[in-house]
Amino acid sequence: TNRPLLLVVGDYYIFAETDKNMEVQRLVREFSINSAGDLDQYLKLHPEYDDRYQDMQLNYLPTSTAYALKDLMPLLAGAGARTRLVMASALTPAMLKSADVIYIGYLSGMGMLSDLVFSGSRFDVGESFDVLIDRTTGKRYVSQAAMPVPGEQMYHDFGYFATFAGPSGNQIMIIAGTRDVAVMHTAETITRKDSLQQLSTRIVNSRSFDALYDVYAIDGINLNGTLLL
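Keep in mind that this is a model prediction, so the values were computed, not measured.

Chemist: Got a sec to walk through the sheet that holds strand 3 (residues 24-28)? Specific residues and values, please.
Modeler: Either a parallel or an antiparallel arrangement is found when strands of a sheet pair, and the pairing is made through backbone hydrogen bonds. Reading across the sheet, the three strands line up as 3-2-4 and stay open at both edges, with antiparallel pairing between neighbours. Strand pairing shows two members of the sheet lacking a second neighbour, strand 3 and strand 4 (53-60), which therefore form its edges. Each strand axis lies, on average, 30 degrees off the axis of its neighbour in the sheet, ignoring direction. Looking at chain direction, strand 2 (residues 12-18) and strand 4 are connected through five bridges and run antiparallel. Residue pairing across strands places A16 opposite Q54, the latter belonging to strand 4. On the sheet, helix 1 (residues 36-45) packs against strand 2 and strand 4 and is oriented at approximately 155 degrees with respect to strand 4.

Chemist: Please set out the packing of aromatic side chains residue by residue, giving values where relevant.
Modeler: Scanning the entire structure with this criterion turns up twelve aromatic pairs. Here the aromatic cluster, defined as three or more aromatic residues joined through ring pairs, consists of Y13, F15, Y42, Y49 and Y53. Lying across the ring of Y141, K139 places its NZ or CZ 5.4 Å from the centre.

Chemist: Break down the environment of L61 for me, with residues and values.
Modeler: Examined against the element boundaries, L61 turns out to sit in the loop between strand 4 and helix 2 (64-72). Relative accessible area serves as the criterion here: at 40%, L61 is assigned to the partly exposed category. L61 sits 49 residues away from Y12 along the chain, and the two C-alpha atoms are 6.6 Å apart. Excluding its chain neighbours within four sequence positions, the residues that come into contact with L61 are V9, G10, D11 and M87.

Chemist: Give me the nonpolar core: which residues, what numbers.
Modeler: Membership of the largest hydrophobic core comes to 26 residues, with the highest contact counts inside it found for L6, V8, L91, Y103, M110, L113 and I174. Sorting elements by how many residues they give to this core places strand 10 (residues 154-165) first, with four residues. The contact partners of V8, leaving out residues within four places of it in the chain, are V86, M87, A88, L91, V101, I102, Y103 and I104. Counting residues in hydrophobic clusters, the runner-up holds 23 residues, among them A79, F161, A211 and L227.

Definitions and cut-offs
- Sequence order sets the numbering: in each chain, residues are counted from 1 along the sequence as written.
- Owing to the predicted nature of the model, reporting of local features is limited to residues with pLDDT of at least 70; listing and counting of side-chain atom pairs is limited to 80 or more, with chain, interface and lining totals taken over all residues.
- Excluded from the side-chain calculation are hydrogens and water; included are all heavy atoms of the structure.
- DSSP bridges decide pairing: two strands pair if at least two such bridges lie between them.
- By definition, any uninterrupted DSSP run of H or I lasting at least four residues is a helix, any uninterrupted run of E lasting at least two residues is a strand, and each is numbered from the N terminus.
- Between the N-to-C directions of two axes lies an angle of 0 to 180 degrees, each axis being a line fitted to C-alpha atoms and, for a helix, fitted only over the stretch in contact.
- Contact criterion: two residues are considered in contact whenever any of their non-hydrogen atoms come within 4.5 Å of each other.
- Within 6.5 Å between ring centres, the rings of Phe, Tyr and Trp (the latter by its six-membered ring) count as paired, and their orientation is classed by plane angle as stacked under 30 degrees, edge-to-face over 60, tilted in between.
- Sitting over a ring, as applied to charges here, requires NZ of Lys or CZ of Arg to be within 6 Å of the ring centre and within 35 degrees of the ring normal.
- Buried residues are those whose accessible area, probed at 1.4 Å on protein chains only, stays under 20% of the maximum for their type, while exposed residues exceed 50% and partly exposed ones sit between those limits.
- By convention a nonpolar core is built from buried Ala, Val, Leu, Ile, Met, Phe, Trp, Tyr and Cys residues, the set being connected through side-chain atoms within 4.5 Å.

Structure representation (C-alpha coordinates):
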(Lines give C-alpha, C1' and ligand atoms only; values in the text may rest on other atoms or scores of the structure.)
Protein backbone atom coordinates (compact mmCIF):
# COMPACT_ATOMS: atom_id res chain seq x y z
CA THR A 1 0.00 0.00 0.00
CA ASN A 2 1.07 3.61 -0.60
CA ARG A 3 -1.01 4.97 2.25
CA PRO A 4 0.71 6.64 5.20
CA LEU A 5 1.32 4.30 8.12
CA LEU A 6 0.22 5.46 11.56
CA LEU A 7 1.92 3.80 14.49
CA VAL A 8 -0.47 4.52 17.35
CA VAL A 9 0.61 3.99 20.96
CA GLY A 10 -1.84 3.83 23.85
CA ASP A 11 -1.18 6.70 26.25
CA TYR A 12 -2.83 7.94 29.44
CA TYR A 13 -3.46 11.45 30.72
CA ILE A 14 -2.35 12.42 34.23
CA PHE A 15 -2.76 15.66 36.16
CA ALA A 16 -1.38 17.17 39.35
CA GLU A 17 -2.97 17.41 42.75
CA THR A 18 -1.64 20.43 44.66
CA ASP A 19 -1.76 21.63 48.25
CA LYS A 20 -3.10 24.99 49.43
CA ASN A 21 0.20 26.61 48.46
CA MET A 22 -0.18 25.28 44.89
CA GLU A 23 2.77 22.93 45.39
CA VAL A 24 2.38 19.63 43.50
CA GLN A 25 1.82 16.76 45.94
CA ARG A 26 1.16 13.90 43.55
CA LEU A 27 0.23 12.98 40.00
CA VAL A 28 -3.22 11.49 39.49
CA ARG A 29 -4.59 9.05 36.92
CA GLU A 30 -8.38 9.30 36.95
CA PHE A 31 -10.06 6.82 34.58
CA SER A 32 -12.82 9.24 33.58
CA ILE A 33 -10.44 12.15 32.86
CA ASN A 34 -8.49 11.52 29.67
CA SER A 35 -7.47 14.98 28.47
CA ALA A 36 -7.02 18.56 29.56
CA GLY A 37 -10.50 19.23 28.17
CA ASP A 38 -11.95 16.43 30.33
CA LEU A 39 -10.23 17.94 33.37
CA ASP A 40 -11.63 21.36 32.59
CA GLN A 41 -15.14 19.91 32.27
CA TYR A 42 -14.71 17.96 35.52
CA LEU A 43 -13.67 21.11 37.39
CA LYS A 44 -16.73 22.96 36.11
CA LEU A 45 -18.89 20.20 37.58
CA HIS A 46 -16.82 19.92 40.77
CA PRO A 47 -15.61 23.47 41.59
CA GLU A 48 -14.44 22.31 45.04
CA TYR A 49 -11.39 20.79 43.29
CA ASP A 50 -10.62 23.85 41.18
CA ASP A 51 -7.72 24.97 43.38
CA ARG A 52 -6.40 21.41 43.85
CA TYR A 53 -6.29 19.83 40.37
CA GLN A 54 -3.95 21.27 37.75
CA ASP A 55 -3.16 20.35 34.15
CA MET A 56 0.57 19.64 33.72
CA GLN A 57 0.40 18.62 30.03
CA LEU A 58 1.57 15.13 31.00
CA ASN A 59 0.80 11.74 29.49
CA TYR A 60 2.46 8.39 30.17
CA LEU A 61 3.04 5.13 28.31
CA PRO A 62 3.20 1.61 29.79
CA THR A 63 6.76 0.24 29.81
CA SER A 64 5.72 -2.67 27.57
CA THR A 65 5.31 -0.22 24.68
CA ALA A 66 9.09 0.20 24.46
CA TYR A 67 9.67 -3.57 24.27
CA ALA A 68 6.90 -4.00 21.71
CA LEU A 69 8.33 -1.25 19.49
CA LYS A 70 11.74 -2.94 19.67
CA ASP A 71 10.21 -6.08 18.14
CA LEU A 72 8.11 -4.26 15.57
CA MET A 73 10.31 -1.48 14.23
CA PRO A 74 12.81 -3.67 12.30
CA LEU A 75 9.90 -4.99 10.24
CA LEU A 76 8.76 -1.46 9.41
CA ALA A 77 12.15 -0.22 8.20
CA GLY A 78 10.98 -0.25 4.59
CA ALA A 79 8.03 1.98 5.45
CA GLY A 80 10.14 4.55 7.28
CA ALA A 81 9.40 7.50 5.01
CA ARG A 82 5.64 7.10 5.30
CA THR A 83 5.48 6.10 8.98
CA ARG A 84 4.23 8.54 11.59
CA LEU A 85 4.05 7.97 15.34
CA VAL A 86 1.00 9.32 17.14
CA MET A 87 -0.45 9.00 20.63
CA ALA A 88 -3.86 7.35 20.85
CA SER A 89 -5.13 10.47 22.63
CA ALA A 90 -4.25 12.54 19.54
CA LEU A 91 -5.87 10.19 17.00
CA THR A 92 -8.66 11.71 14.90
CA PRO A 93 -11.34 10.19 12.65
CA ALA A 94 -9.62 11.77 9.63
CA MET A 95 -6.39 9.94 10.49
CA LEU A 96 -8.27 6.65 10.75
CA LYS A 97 -9.58 7.08 7.21
CA SER A 98 -6.42 8.28 5.50
CA ALA A 99 -3.80 5.80 6.72
CA ASP A 100 -3.06 2.21 7.58
CA VAL A 101 -2.94 1.89 11.37
CA ILE A 102 -0.95 -0.24 13.79
CA TYR A 103 -1.90 0.12 17.45
CA ILE A 104 0.43 -0.92 20.28
CA GLY A 105 -0.54 -0.87 23.94
CA TYR A 106 -3.04 -1.89 26.56
CA LEU A 107 -6.60 -2.70 25.53
CA SER A 108 -7.62 0.15 27.82
CA GLY A 109 -5.49 2.68 25.93
CA MET A 110 -7.04 2.46 22.47
CA GLY A 111 -9.20 5.55 22.80
CA MET A 112 -11.46 6.01 19.80
CA LEU A 113 -10.12 2.77 18.28
CA SER A 114 -11.84 0.78 21.01
CA ASP A 115 -15.38 0.99 19.62
CA LEU A 116 -14.14 0.18 16.13
CA VAL A 117 -12.22 -2.87 17.34
CA PHE A 118 -14.85 -4.40 19.60
CA SER A 119 -17.78 -3.74 17.28
CA GLY A 120 -16.43 -6.48 15.01
CA SER A 121 -14.54 -8.62 17.49
CA ARG A 122 -15.47 -12.00 18.89
CA PHE A 123 -14.75 -10.47 22.29
CA ASP A 124 -16.30 -7.81 24.45
CA VAL A 125 -14.86 -5.95 27.43
CA GLY A 126 -16.19 -6.93 30.85
CA GLU A 127 -16.46 -4.76 33.94
CA SER A 128 -12.93 -3.53 33.21
CA PHE A 129 -10.34 -3.88 30.46
CA ASP A 130 -8.75 -6.67 32.51
CA VAL A 131 -11.73 -8.84 31.56
CA LEU A 132 -12.52 -10.12 28.07
CA ILE A 133 -15.74 -12.02 27.34
CA ASP A 134 -16.09 -14.43 24.43
CA ARG A 135 -19.40 -13.45 22.81
CA THR A 136 -19.73 -16.93 21.26
CA THR A 137 -19.36 -19.02 24.42
CA GLY A 138 -19.78 -16.51 27.24
CA LYS A 139 -16.43 -17.57 28.69
CA ARG A 140 -14.61 -14.87 30.67
CA TYR A 141 -10.85 -14.31 30.45
CA VAL A 142 -9.60 -12.38 33.49
CA SER A 143 -6.07 -11.02 33.75
CA GLN A 144 -4.37 -11.77 37.06
CA ALA A 145 -1.68 -9.13 36.51
CA ALA A 146 -3.45 -6.54 38.66
CA MET A 147 -4.59 -9.00 41.36
CA PRO A 148 -2.33 -12.09 41.52
CA VAL A 149 -3.66 -15.20 43.23
CA PRO A 150 -2.35 -15.26 46.84
CA GLY A 151 0.51 -17.74 47.28
CA GLU A 152 1.13 -18.17 43.55
CA GLN A 153 4.08 -16.52 41.80
CA MET A 154 2.95 -17.34 38.27
CA TYR A 155 -0.04 -15.51 36.84
CA HIS A 156 -2.05 -15.27 33.62
CA ASP A 157 -2.34 -12.28 31.36
CA PHE A 158 -4.09 -12.11 27.98
CA GLY A 159 -2.69 -10.89 24.69
CA TYR A 160 -4.90 -9.70 21.86
CA PHE A 161 -4.08 -9.40 18.16
CA ALA A 162 -6.50 -8.27 15.46
CA THR A 163 -6.43 -7.03 11.91
CA PHE A 164 -9.35 -5.80 9.85
CA ALA A 165 -10.38 -3.35 7.14
CA GLY A 166 -10.80 0.27 8.20
CA PRO A 167 -13.50 2.75 7.12
CA SER A 168 -11.84 3.59 3.79
CA GLY A 169 -10.47 0.18 2.84
CA ASN A 170 -7.30 0.84 4.81
CA GLN A 171 -5.92 -1.84 7.12
CA ILE A 172 -5.99 -1.62 10.92
CA MET A 173 -3.85 -3.86 13.13
CA ILE A 174 -4.06 -4.15 16.92
CA ILE A 175 -1.13 -5.44 19.01
CA ALA A 176 -2.44 -5.31 22.55
CA GLY A 177 -2.96 -6.99 25.87
CA THR A 178 -4.64 -6.62 29.20
CA ARG A 179 -1.33 -5.72 30.90
CA ASP A 180 2.41 -5.40 30.20
CA VAL A 181 3.47 -9.03 29.79
CA ALA A 182 0.59 -9.66 27.42
CA VAL A 183 1.50 -6.69 25.22
CA MET A 184 5.12 -7.85 25.10
CA HIS A 185 4.15 -11.43 24.28
CA THR A 186 1.76 -10.37 21.51
CA ALA A 187 4.42 -8.19 19.88
CA GLU A 188 7.01 -10.98 20.09
CA THR A 189 4.56 -13.52 18.70
CA ILE A 190 3.35 -11.62 15.66
CA THR A 191 6.90 -10.65 14.66
CA ARG A 192 8.30 -14.22 14.72
CA LYS A 193 8.09 -16.40 11.64
CA ASP A 194 7.28 -19.64 13.49
CA SER A 195 4.46 -18.02 15.46
CA LEU A 196 2.99 -16.45 12.33
CA GLN A 197 3.02 -19.83 10.61
CA GLN A 198 1.14 -21.34 13.55
CA LEU A 199 -1.36 -18.52 13.38
CA SER A 200 -1.83 -18.84 9.62
CA THR A 201 -2.95 -22.47 9.93
CA ARG A 202 -5.92 -21.40 12.07
CA ILE A 203 -7.30 -18.44 10.13
CA VAL A 204 -9.56 -18.30 7.09
CA ASN A 205 -9.24 -14.64 6.06
CA SER A 206 -5.75 -13.26 6.69
CA ARG A 207 -6.99 -9.66 6.36
CA SER A 208 -9.72 -9.91 8.98
CA PHE A 209 -9.46 -11.93 12.21
CA ASP A 210 -8.67 -11.61 15.88
CA ALA A 211 -6.66 -13.87 18.17
CA LEU A 212 -6.38 -14.33 21.93
CA TYR A 213 -3.24 -15.52 23.73
CA ASP A 214 -3.01 -16.89 27.27
CA VAL A 215 0.31 -15.56 28.60
CA TYR A 216 2.08 -17.09 31.60
CA ALA A 217 4.21 -14.66 33.56
CA ILE A 218 6.25 -14.29 36.71
CA ASP A 219 7.67 -11.06 38.17
CA GLY A 220 6.67 -9.10 35.08
CA ILE A 221 8.41 -11.48 32.64
CA ASN A 222 6.41 -13.31 29.99
CA LEU A 223 7.53 -16.94 30.20
CA ASN A 224 5.28 -18.58 27.64
CA GLY A 225 2.04 -18.11 25.79
CA THR A 226 -0.65 -20.22 24.17
CA LEU A 227 -2.85 -19.30 21.23
CA LEU A 228 -6.35 -19.91 22.59
CA LEU A 229 -8.67 -18.66 19.86
